[in-house]
Each structure stands twice: as structure tokens, then as C-alpha cells.
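The lines below spell out each chain.
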4 protein chains.
Amino acid sequence: MTKTRREQAEWRREQLLDAALKVFAAKGVDGASVKDIAEAAGVTPGLLYRYFESKEALVATLLSERGFLPRLRELLTADHRGRPAVAVLTELLGAFDALLADNADLMAVFFSATQARAALAELVGEGQRLIGDFLAARVAEGELRPHDTATAARTLFAAVAVSRRTGSPLDVARLVELLFPHER
Amino acid sequence: MTKTRREQAEWRREQLLDAALKVFAAKGVDGASVKDIAEAAGVTPGLLYRYFESKEALVATLLSERGFLPRLRELLTADHRGRPAVAVLTELLGAFDALLADNADLMAVFFSATQARAALAELVGEGQRLIGDFLAARVAEGELRPHDTATAARTLFAAVAVSRRTGSPLDVARLVELLFPHER
Amino acid sequence: MTKTRREQAEWRREQLLDAALKVFAAKGVDGASVKDIAEAAGVTPGLLYRYFESKEALVATLLSERGFLPRLRELLTADHRGRPAVAVLTELLGAFDALLADNADLMAVFFSATQARAALAELVGEGQRLIGDFLAARVAEGELRPHDTATAARTLFAAVAVSRRTGSPLDVARLVELLFPHER
Amino acid sequence: MTKTRREQAEWRREQLLDAALKVFAAKGVDGASVKDIAEAAGVTPGLLYRYFESKEALVATLLSERGFLPRLRELLTADHRGRPAVAVLTELLGAFDALLADNADLMAVFFSATQARAALAELVGEGQRLIGDFLAARVAEGELRPHDTATAARTLFAAVAVSRRTGSPLDVARLVELLFPHER
DNA sequence: CATGAATGAGGGTTCATTCAT
DNA sequence: AATGAATGAACCCTCATTCAT
């Protein structure tokens, strides 16, 4: 049941990324030392440099490999036709909320890493665009009342994101009801 | 036109806080060194310690003295009776947006300073509560349609805050129109 | 009853020396900061430099002005003829002991200041020589038994000095009795 | 002939202690900087912290590991029966003198380190007690004339210690002859 | 006479990183 | 694959000292 050399290396790499994510989230990228991360992984700082070129590179890898933009995209571009928009929207925002919850540590790193600002902006922009597209399509089909879909998308996105950041839970159904009252 | 010693000291203190705010916002609290701040202020690092006990104390002073919660409260508790709710709301969110713009650096420090989490939560909570109170009052007077005022407040607040954070400008009038369409 | 300018200056100088002596004795010369001394004197560090050129100079002044070698010399060269040697010796060592007690702080500075080594050696050498001269004179007069007066002087001096340094009190009469038993 | 890692570490540790001992003795504990010590060891300051937690800890280690109290005890408690007390005493004080000479640097550190006062007092007290016990035993056996053995012990100890401290060499045989003249 | 704003050097210490083992 | 000895740069902070006020 021993691992092959290749597997062991892959496993260690992931373990280091896990440790880094946890430590970065807790102390901030600048506040966390390589030694902190190594200790969290039960390993020597030197070993880290066999897997990543630098602390900087470790952060970059974390943001690119562990980014949840792919999953967000997948979520928002699934085929929802045939089901009522309001129901879909509620479900969708709920899933988004859950996604953020699952990636709370990563979000913290996003906010902590100076160089992550661009990635964060990209994430937010893409998210808003995808939600906006969904709303526009439903308006075009006459299922939702005509409205400023771009602003609506931004508002919905923001509401979910901020509630995650500040800790107080958000009732997604109420949010949808607020913007689209009594809509079929 | 020379300054008295008292004035000079006061001025220097503010100058150091200004420099710290700028540098902290740009590099993060942990990423910015005392030397960075001193250089931004055109001063020796040692001088900083005549005005603040430590780097930590500098951050704390920044957050407590430069906090904009007082101005936010002032903004939201002003007497708006006699004017249409939608107009007031638009103006109010616009002012809030401007306030955040004016304090963009401070917001960044809030997000960077780990120990500021509590202050941040307080800020957000208070802001949402004040907006919620305003909405509820107007509903009671029959001027706004009955709705979930708490969720609405959170949504409005979030929309403004996130737009500030991500850089893309927000048309506040459109936001209000979205939630309260065609309301007189 | 106000002091003249001259008197005030003299008074302040002495006060600063007092404070320095106390602080140096407590923290060691290197361990004590100019700020420490100024605070002990209820004064600003800057003021210290109106009275002394540097911290270094302050130490030097302390060692030279407050040195007790003059008093020691006076003590040992007084005219003791006509009184029994053993009585004189006892009284003399007792006075020396008291002198060290009075100057405990200064002794501490001696041991703390690297540059004071020479002064300390001088002090010890002179003290031993003076006691030795006294013993030799009394041996010459047949009042004390012939013995190695130089070694005796060193031994007596050492016994008194070490007892001061280690805190346990010394019965001088017993010490004299030990070296010159039953001598008339 | 290369060292194993274990050996190298042990060797480096001792080397750092050696360097520290020398530098502390020369400049005093407060007067010596970590950089001074590192330079004396031909090493970077940072390395010091792999072997000792702090400068303070380095001093403590020096005092506890390099203390010569054990050797002193061994010296004074050896079995000297069957040999004339005066000869033994002479030899013993000579060995004590040599011990202090070997540990001159450590003595200097003792006097420089404020926190070493307790250790110093212990050292002195123990030394005097051991010598006193030896004298008392010999008096009881009738080999030495009855005398105040406690004071004698203190005097002998002090004479040796002070001569070490002030640099002038002491003829131990003369010292013994002084206190116990012509004794068989 | 006395203050306190300001500096430059240096304090002890941590850190990201390298490399022989 | 993993360690840990070693470095050099940077960290936060204190210090002795100066000088305008």
C-alpha cells in the first residue's frame, strides 16, 4: 500500500498547499512565515523549496490552483431552462453562498495578498457578468419583469459576498423575494 | 508665520497618520515597514516612536481616530422628513458611496489589519441598522411599499460597499430604482 | 531664599550626579540609559548635556569627584601614635568598612564601568599600601610581632572589601584578633 | 575526518559559548552586542539564535554550564587526612587561586551580569563554608591552634579572590604562614 | 535654564532562502 | 526526499546626542 515516488511527491505538494492556505488565512500572507507553514505541515522550511520556488510562488500557486472561479462558472452556466427563474435564482445564490463558505480561507488570502487584487477583481467581474447574463435571458423570455439586470446582478452578488465576509447569515430566498416580489 | 511647538507636534502627528494610512493601504499592515512609513513622511523611523508607542499602536490610532463611523451615523440620522423617500435614499446612498471613496485607504487598512475584524463588523452592522431603520419608518408612513426592510438594508449597503471595493462605479439612482420601481 | 544662578547650577549638577550614581549602581553603566538618569532626576535628557559632555563624561566625573580615595587616605594617614596598634587597626578597618558601606553605589559603578578598572586597581593598591605602611611602622616600633606586612595588608583589605560585596557583615575585631592574637 | 552533523552542532555551540565568554568578559554583558559575539566566533548574528533563544539565555547558559562551583566543591572536599594541615591548606588555596585564574573571564561575567548576583553569593558562601569546615576539623584534631575558623575562612577566601580580581599575584604560602605562623 | 523635536547609528531578533549532508 | 546549519537582509525599536525654541 506504499505510494509510488510520483504519488508521494504529489501528496506532499497538496499537503503543503493545504497548510499554506490555512496559515495564510489565519495570519495573512505577510504575517505568516515560511516556518509557520512548514510547522503546520510537520515539515522543515527547507523542504518547501523543493516544491515551490519561493513564498511568493506558493501564494501564486494557491490562488491559481485553488481558485474557485471554475466552479463558479460551472455553477452559473448550467442549463436551467424549464424551471422558474425565481427558483433557479434562489438555488443559484444559495450555491454561491455555499461556495464562498467552502472557500472562506481562500477568500481571506485573496483579501490579504496584495498581488491577489487583480485575481479578486476578475472573480467578482466574472461572477457579476454571469449572473447578469442569466437575468437578461429571463427578461428576454418575459419571465422576469424588465429591469436593470447589470445593477441587479451586482447587487445580488454583493449581498451574498458581504454577508459571508461579515459573518451574519443571509436568507437567500428573502433576497430574491425583495428584488422580484410575487413573480411567478 | 512659523508654527509654535504645540502646533508643530500636532501637525507632525497628523502627517505621520496620513503617511501611515497611505502606506498601510498600499502594502497592507504587515507588509509595510516602519521605515516605509517614515520615508513616506520624510522622517526618520525613530521619530515615529515619539508620537506612537509602537507600530501596533499606530494602526490602532488610525482605526480609532480616523474611523468614519461617526460621519456615517451623522449622515444616516439626519432629519429627512418632508422629502420623498426615494430621493432621500438615493442621496443617502450617494453620500455613503462618497464617504467610502474618501476613506478608501482606511477601508483597505480595515481589511488588512487582523485585529480590525471587530471594528469592521461593528461598522457594517451599524450601517445596516441605520439604513434599515430609515426604510422601516418610511414603510410605516406608507411612503414605501411594505417589504423586508432588514434584507433591503443589507443589500443596499453591500452593493455600495462592494462596488467601492472592486473599483467599478455604481449608479446609485439605478440601484434605488431597482428595489423601489416607479415609487412616488 | 531663592538661589543665585551659580548656586542653582551647582545644585542641579550635584542632583544629576546623585541620580546617575543611583541609576548606574542599579542597572550598570551600560544598562542604564541617559533617559533613565534624566527621569530619576525629574529632568529632560537634553538638560544633561548642559552639565556633562556625554554619558561617558558623566561616568568619569562620578568616579573622579565622588571617589573615596581621598577620604580613605585621610583615614589611614591620621596620627595614631600613642594608642595600641591593635585598637587602632580595629578602628581603622571598621572605618574602612563604613566607608565602603557609605559608597556601596559607587563601588557598584566601579565594578560595572569597564573604564573604571584602572581607577579600581589604583584604589585597591593605594589602600593596601597605606595599611601596609601602618603595619610596618608598628612592627618597626616593636609593637606588633614581625610578619609579612604586605601580605597582611592585602589580606585585611580583601576581607573587608569582599564582605561588603557579598553582603554578609564582618566582625572587624575578630578579624584583627585572628591575625594578631593576644597581642598587647 | 569530517564531523558528523551532530558533532558539528555540538562544536559550534561550545564555540559560541567560548566566544561569548570572552566578549562578555571584555565588554560586560550589557556592553557586548550579539554582533560582537558573532564576529568573535566568525559567524552571522542570526546563527546564534539557532543555538540560544536570546542573548539573555546565552548568559544564563554560560553561568550554569560553565560555572566552576562543582570543581571548587570537588577541590575542597577531597580527603586530605594524614597530611599536615598547613601543607594541605597551602596547596588548597593555591588550587583555588589557579581555578579562579582559569575562570577569570567567567568571574568577570559574574560581576557584570546583574542576574548573577545570587549565583555569586552562593559561590562565595559555599567556598567559605567548605574552607571553614576544613579548618574546624583540624582544630578539633588539635593540629591547628584554636581560632575563629569562620572568620579565617572568609579571610583566606577573600584574599585569594581579591588578588585575582585586582591582578596582583598572591603568594599563598605567605598567606598561610601569616595566619598560622610556625605551626607544625 | 530647560524643553522636546529630530536624527543616525545601532540594538536584539526574525525571516526567506541556500546547500551540504 | 528531507534535514538543519548557515547566511544576509530586513525587521521593530532604543539610544546617545543635537539644537531650535
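Residues numbered from 1 in each chain as written. Chains lettered and ligands numbered in written order. Predicted model: local features only at pLDDT ≥ 70, side-chain atom pairs only at ≥ 80, totals over all residues. Heavy atoms only, no water.

Secondary-structure assignment places Gln128(D) in helix 8 (residues 117-140). Here Gln128(D) is in contact with Val162(C), Ala153(D), Arg154(D) and Phe157(D), once residues within four sequence places are set aside. (Helix = DSSP H or I, 4+ residues; strand = E, 2+ residues; numbered from the N terminus. Contact = heavy atoms within 4.5 Å.)

Surveying the vicinity of DNA strand F reveals 30 residues, the closest of which are Tyr49(B), Tyr49(C), Arg5(D), Gln8(D) and Arg50(D). What you see for DNA strand F is that sugar and phosphate hold 68% of its atoms within 4 Å of the protein. Arg50(A) places a side-chain nitrogen or oxygen 3.4 Å from a base nitrogen of DNA strand F. Arg50(D) is positioned with one of its side-chain polar atoms (N or O) 2.3 Å from a phosphate oxygen of DNA strand F. (Near = heavy atom within 4 Å. Polar contact = N/O pair within 3.5 Å; in protein donor to acceptor, adjacent residues only side chain to side chain.)

Another aspect to go through is the interface of chain A and chain B. At the junction of the two partners, chain A supplies 28 residues and chain B supplies 27 residues. When chain A packs against chain B, close to 2,500 Å² is buried across both sides, 61% of that on carbon and sulfur atoms. By the criterion of area lost to chain B, the three top residues of chain A are Arg154(A), Arg165(A) and Leu178(A), representing 24% of everything that side buries. Applying the counting rule to chain A against chain B returns two salt bridges. In this structure, Arg174(A) and Asp148(B) form a salt bridge, with 3.4 Å as the shortest nitrogen-oxygen distance. In this structure, the connection of chain A to chain B is made through six residue pairs in polar contact (both at pLDDT 80 or more). (Buried area = accessible area lost by both parts, 1.4 Å probe. Salt bridge = Lys/Arg side-chain N within 4 Å of Asp/Glu carboxyl O.)

With that out of the way, let us pick up the UniProt feature "DNA-binding region" (unreviewed entry) in chain A. In this structure's numbering, the residues bearing the UniProt feature "DNA-binding region" (unreviewed entry) are residues 33-52 of chain A. Along residues 33-52 of chain A the backbone is 70% helical and 0% strand, and the end-to-end C-alpha distance reaches 14 Å. (UniProt positions renumbered as here; feature names shortened; annotations may be inferred.)

Look at the two chain copies: a rotation about an axis and a shift along it is all it takes to match them. Note on the identical chains: chain D maps onto chain C by a rotation of 178 degrees and an axial translation of 0.1 Å, with an RMSD of 0.4 Å. Put plainly, the chains are arranged around a two-fold axis. Taken together, the interface assignments show that 93% of the residues at the interface of chain D recur at the interface of chain C, consistent with an identical surface on both copies. (Least-squares fit on C-alpha atoms with pLDDT ≥ 70 in both.)

Moving on to the UniProt feature "domain: HTH tetR-type" (unreviewed entry) in chain A. Here the UniProt feature "domain: HTH tetR-type" (unreviewed entry) sits at residues 10-70 of chain A. Span residues 10-70 of chain A is 74% helix and 0% strand, its end C-alpha atoms 22 Å apart.

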